[in-house]
Amino acid sequence: MPDQSSSAAPATVVLAGATGALGLLIAHHLRQRGATVRALIRPASIHKAEAESLRVQGAEVVAVDYNSLPDLTQACTGAACVVSAYRGCAILLWIRKRGCLMRP
């Protein structure tokens with residue numbers, strides 16, 4: 001059985017829609033459980049109180065254009081999973097195939 005010691009860094013969870021009410025709640029609970037959170041937000045939200053709250057909690061805050069495949073691919077690189085609390089989440093329905101993210 002693999003060693004489950006805490007010596008390994010926790011896996012990164014990408015959280016889309018992190019500045020909304022649900023996203024903030026998800027980020028809070030993930031951080032309480034020791035998860036590494038990469039919070040995806042719209043560029044216009046980078047200086048808002050919600051983004052600062054995420055930073056204070058220890059989340060990595062990344063501004064992305066949700067309509068940009070390259071932005072989303074880069075933001076999700078190295079993550080163990082993606083959680084979406086993004087309104088209009090159809091944009092975020094991506095399929096992982098051959099090491100790249102693609103629209104379904």
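The paragraphs below set out a description of the structure included in this document. Quantities reported herein were computed from a predicted structural model and do not represent experimental measurements.

The rules behind the values
Residues numbered from 1 in each chain as written. Predicted model: local features only at pLDDT ≥ 70, side-chain atom pairs only at ≥ 80, totals over all residues. Heavy atoms only, no water. Pairing = 2+ DSSP bridges. Helix = DSSP H or I, 4+ residues; strand = E, 2+ residues; numbered from the N terminus. Axes fitted to C-alpha atoms, helices over the stretch in contact; angles between N-to-C directions. Disulfide = S-S within 2.5 Å. Salt bridge = Lys/Arg side-chain N within 4 Å of Asp/Glu carboxyl O.

## Digging into the sheet that holds strand β4 (residues 81–84)
In spatial order, the strands read β3-β2-β1-β4; together these four strands make up an open sheet with parallel pairing. The open sheet has two edge strands, β3 (60–63) and β4, and neither has a second partner. Direction aside, the axes of adjacent strands within the sheet are offset by 25° on average. Looking at chain direction, strand β1 (residues 12–16) and β4 are connected through four bridges and run parallel. From the neighbouring strand, valine 13 faces β4, where its bridge partner is cysteine 81.

## A short note on the state of the cysteines
For the coordinates displayed, the defined rule picks out zero disulfides. In this model cysteine 76 remains outside any disulfide bridge; the closest cysteine sulfur is found in cysteine 81, 10.0 Å from its own.

## Side note on the pattern of salt bridges
One pass over the full model with this rule turns up two salt bridges. Between glutamate 60 and arginine 38 there is a salt bridge, and its shortest N-O distance comes to 3.1 Å. Here glutamate 60 is found in strand β3, whereas its partner arginine 38 is found in strand β2 (residues 36–41), with 22 residues between them in sequence. Between arginine 55 and glutamate 52 there is a salt bridge, and its shortest N-O distance comes to 3.4 Å. Remark: glutamate 52 and arginine 55 occur in helix α2 (residues 49–56); sequence separation between them is three residues, near one turn of the helix.

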